[in-house]
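# Chains, contacts and geometry: an overview
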Amino acid sequence: MSKLGFIRRFEPVTSERLIEKAVETAEWIEQYAHEEGDTKYWDVLPGKEQAGSFLLKETGIYGGAPGVALFFLRLYAVTNDEKYLNNAKAGVNYAISKYRGAEDFVSNAEFLPGAEIGFLNGPAGGAFAASKLFEVTGEKKYKDYALKVTDDLIDAAHEEDGKLFWYGEYGIIGEGSLILYLVDAYETYGVQRFIDAAYKGAKYIVSKREEAPNGGYRWYAMDTEKFPTIGKPGGYFPGFEYGAAGSGYILAEVYEHTKDPELLETAKGAAQYIRSVAVYSDDQEAALVPYNDTYLQGLFYLGVCQGPVGTSRLFYKLYEITIDESYKKFILQLTNGILATGAPAKHSEGYWRTNCYCCGAAGMLEHFIHLHKLTGNGAYVQAAKDAAETLVGESTYDSLKKYTNWYTQWNRHEPWKSEAYTGLYHGSAGCASSLLALAQYLKEGKFGPSYLEDPYHDLY
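Read on for an overview of the structure.

### Quick word on empty space enclosed by the protein
The gaps left among the atoms become clear once a water-sized probe is rolled over them. One pass over the full model with this rule turns up three cavities of 30 Å³ or more. Computed from the structure, the largest cavity encloses a volume of approximately 120 Å³. Looking at the largest cavity, it is lined by 13 residues, and the ones nearest its centre are Y170, G171, I173, A221 and Y242. Partitioning the lining of the largest cavity into residue classes produces eight nonpolar, four polar and one charged.

In structure tokens:
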């Protein structure tokens, strides 16, 4: 039976429809804006005091103004409407106005201080958004701010025996993302100091590797018995945001500029470890990787943070460097693993009702776009359209105000909390931003602006 195209709400997705939903989301976010001169920020969680808590700073890219600014920058790229560019500027201006200097890379947090000052929650996120604005506008103040933050984060680091670190928390959710930021800043501005610091940071990550039981390398990510949502020992993770895939990916990114064989060898070791703990379908066409390799081996995240979307990024980078088809094959196995679960339409323990980029369908949607660009296989662009339809179906629409937003159960351990965040990585801005990515891809074959830790932008 054909789709219900005679009722607008149920029409198949088109670029125009996706853009329309993103505009409605922008209108919803704007009602929670606070303007101060030429700056603007948006409530992280409208109606509740959550700003400043873990990953929810108003100045952070994960849930705050710089992330929302990137959403508006994507909306500007698709619509050419100057008001969205002005909103992007205002959001980054807010981060600039709140920046105190190197002291913003110092944390008194009792748990995961590296995450407090890292890319997702600290000043570097705003600096990355500023660089994206500089590329679009050419306005020197955004370049100057990015360079200032980059110099400050290097100055705030500790160096021992040629290795650089801040609090010793090297995952992407922590300060490891600062190394990725340094690589991006070097690629953008060509300052040798930036890649030199990134190299020293990479050497620190190498020094923390451990030989995995079945071969390859893994990293002890954190004292998980202290983690509020885990509460038991077992700090080894295969995944991206705080696991081996992320550590290996950082090393591979730095290797491209330094050609230090130890970095590449260690990144390959991370991939070896991941493949050794993966679970494969009988026909070997699909694979999933457990959340943790010391407990909960039957829990499989499916998104960016600890699922196939993020984990595949290490393998794409290794494929790009080595042209070894086995890495590309594993990307396809991981992607087929997502689809074999029935996601994004079907939910499971590792893909709970989290409507966001970090661990939900929005991240899957962008991944499927990349897989279509990588392979030319029409099944993946169809998967992207299916993900978009799932996202639109999960959205909440106010027909009177013409607002669209998404409620999400962000924390897997608190399924009773369903709340509407505004932000990029875990809120409505991220969901709408992924719809814009598909709209732009369908219309022009383009993608962007991309996010820091997404290597697939090299395909476009």
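### Let's talk about the packing of aromatic side chains
Note on aromatic pairs: each is described by the distance of the centres and the angle between the planes. All told, the structure shown has 29 aromatic pairs when counted by the stated rule. Here Y357 and Y451 contribute two aromatic rings whose centre-to-centre distance is 5.0 Å and whose plane-to-plane angle is 85°, an arrangement assigned as edge-to-face. Of the two residues, Y357 sits in the loop between α12 (325-340) and α13 (361-375) while Y451 sits in the segment after α15 (428-444), which places them 94 residues apart along the sequence. Here Y357 and Y451 have matching classes, each one buried. Joined through ring pairs, the aromatic side chains of Y62, Y357, W410, Y421, Y425 and Y451 make up one cluster. Sitting above the plane of the Y217 ring, R209 keeps its charged end 4.3 Å from the centroid. Directly above the ring of Y236 sits R218, whose terminal nitrogen or CZ lies 3.6 Å from the centroid.

### Some details on the packing of helix α2 (residues 65-79) against helix α5 (residues 123-137)
Contact geometry of α2 with α5 gives a least axis separation of 9 Å together with a crossing angle of 20°. Between α2 and α5, the angle is such that the two are roughly parallel. Seen from above, α2 lies across α5 with left-handed handedness. Within the contact between the two elements, α2 uses P66, L70, L73 and Y76 and α5 uses G125, G126, F128, A129, K132, L133 and V136.

What counts as what
Residues numbered from 1 in each chain as written. Predicted model: local features only at pLDDT ≥ 70, side-chain atom pairs only at ≥ 80, totals over all residues. Heavy atoms only, no water. 1 Å grid on protein atoms, 1.4 Å probe; cavity = no way out; pocket = protein on both sides within 12 Å on 5 of 7 lines; lining within 4 Å. Points joined across faces, edges and corners; volume = space filled by probe spheres on them. Nonpolar A, V, L, I, M, F, W, Y, C, P; charged D, E, K, R; others polar. Phe/Tyr/Trp six-rings, centres within 6.5 Å; stacked < 30°, edge-to-face > 60°. Helix = DSSP H or I, 4+ residues; strand = E, 2+ residues; numbered from the N terminus. Buried < 20%, exposed > 50% of the residue type's maximum accessible area, 1.4 Å probe, protein only. Lys NZ or Arg CZ within 6 Å of the ring centre and 35° of its normal. Axes fitted to C-alpha atoms, helices over the stretch in contact; angles between N-to-C directions. Parallel < 35°, antiparallel > 145°, perpendicular 65-115°, else oblique. Left-handed = near helix turned anticlockwise from the far one by under 90°. Contact = heavy atoms within 4.5 Å.

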